[in-house]
Amino acid sequence: MTFGRSGTDREERINYPRMREYRLARTKEYMKKHGIGCLISWEPWDIRYIAGVYVTIPTRWIETQCVVLPRNGDPYIYGITSFSPYAMRQELPWLKDRIWPAFPLNAGKMCSKVSDLDPVVKAVGDIMAEHGITKETLGLDGCSSELLMQEAFNKKGIKTIDAKRAMFQARMIKNQDEIECMRIAAANAEAAFADIVDAIRPGVTECELVGIG
């Protein structure tokens with residue numbers, strides 16, 4: 001693969017559709033190995049891995065954004081990446097119309113009782129019913145309120161399991177496009193630190209060096 005950050009019509013470079021397809025296939029492979037019929041993840045890196053959606057850092061801690069993936073279907077996103085789910089439908093055409101607003105604040109990390117999670121349980125339950133997998137196990141990944149979440153789903157007759165190990169195993173093996181992304185990230189970091197080294201002198205502040213980097 002030719003090294004380069006920019007796209008071009010005469011070299012393949014990073015093939016992002018291939019990378020997304022690979023990641024989705026890996027996720028489903030390990031869902032199957034762990035007996036997971038449907039997965040819901042609040043982990044920002046797993047949302048990115050499964051659906052190609054970036055969860056902005058300031059909005060991560062409330063855990064109201066997630067991806068829902070039936071093993072026999074495509075991912076559903078509940079998020080505010082661009083602060084409008086309808087703008088996201090234009091930005092992320094591979095997800096088609098499976099993009100909806102994030103859940104209410106008290107349906108994420110700030111929930112205090114099981115009933116707060118009713119919107120999440122209904123949305124996931126509807127997706128599982130649509131795909132005919134209501135009797136299968138639901139994997140929960142990256143939820144601070146996992147015990148409450150388990151209770152909420154169990155009350156509706158949906159079995160749950162922790163899916164963190166399944167996602168960790170899925171992400172372990174990289175394809176050629178992911179490796180190229182890592183090479184580019186490393187090259188960017190090396191260039192930034194080289195400029196920082198050149199700029200270090202008596203009297204320069206740390207903030208100035210950060211700005212240069």
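In what follows, the structure referred to is the one given above.
Read on for an overview of the structure. Small disclaimer: the values here were computed from a predicted structure and weren't measured.

Re the pattern of salt bridges
Between side chains of opposite charge, a pair can form as their charged atoms come close. Per the stated rule, a full pass over the model turns up 14 salt bridges. A salt bridge links Glu11 to Arg13; the shortest N-O distance between them is 2.9 Å. Judged by its relative accessible area of 21%, Glu11 falls in the partly exposed class. Between Lys155 and Glu151 there is a salt bridge, and its shortest N-O distance comes to 4.0 Å. Of this pair, Lys155 and Glu151 both sit in helix α5 (residues 146-155), four residues apart, roughly one helical turn. On the basis of relative accessibility, which here comes to 61%, the residue Lys155 falls in the exposed class. Taken together, the shared-partner salt bridges connect Arg10, Glu11 and Arg13 into one network.

Side note on the nonpolar core
In this structure, Ile40, Val68, Val120, Leu138 and Phe153 are the most contacted members of the largest nonpolar core, which totals 26 residues. Among the elements of the structure, β1 (38-41), β2 (66-70), β3 (76-78), α4 (118-130), β5 (138-141) and α5 are those that each provide at least two residues to this core. Among the elements that take part in this core, α4 stands out by supplying six residues, more than any other. Those residues in contact with Leu138 that sit more than four places away from it in its chain are Cys38, Leu39, Ile40, Val124, Met128, Phe153, Ile158, Lys159, Thr160 and Ile161. Judged by nonpolar contacts, the second largest core, of 20 residues, contains Leu39, Ile47, Val55 and Leu69.

A closer look at helix α7 (residues 176-199)
Over its 24 residues, α7 extends 35 Å from the first C-alpha to the last, a length consistent with the 34 Å expected when each residue adds 1.5 Å. Turning to α7, the residues buried within the fold contact α1 (16-33), α2 (44-51) and α8 (206-212).

With respect to empty space enclosed by the protein
Applying the stated criterion to the full structure yields one cavity of 30 Å³ or more. Lining the largest cavity, in full, are Trp42, Pro44, Ile47, Val55, Thr59, Arg60, Glu63, Thr64 and Gln65. Considered class by class, the residues forming the lining of the largest cavity number four nonpolar, three polar and two charged.

Rules used throughout
- Residues numbered from 1 in each chain as written.
- Predicted model: local features only at pLDDT ≥ 70, side-chain atom pairs only at ≥ 80, totals over all residues.
- Heavy atoms only, no water.
- Salt bridge = Lys/Arg side-chain N within 4 Å of Asp/Glu carboxyl O.
- Buried < 20%, exposed > 50% of the residue type's maximum accessible area, 1.4 Å probe, protein only.
- Helix = DSSP H or I, 4+ residues; strand = E, 2+ residues; numbered from the N terminus.
- Core = buried A, V, L, I, M, F, W, Y, C linked by side-chain atoms within 4.5 Å.
- Contact = heavy atoms within 4.5 Å.
- Expected span 1.5 Å × (residues − 1).
- 1 Å grid on protein atoms, 1.4 Å probe; cavity = no way out; pocket = protein on both sides within 12 Å on 5 of 7 lines; lining within 4 Å.
- Points joined across faces, edges and corners; volume = space filled by probe spheres on them.
- Nonpolar A, V, L, I, M, F, W, Y, C, P; charged D, E, K, R; others polar.

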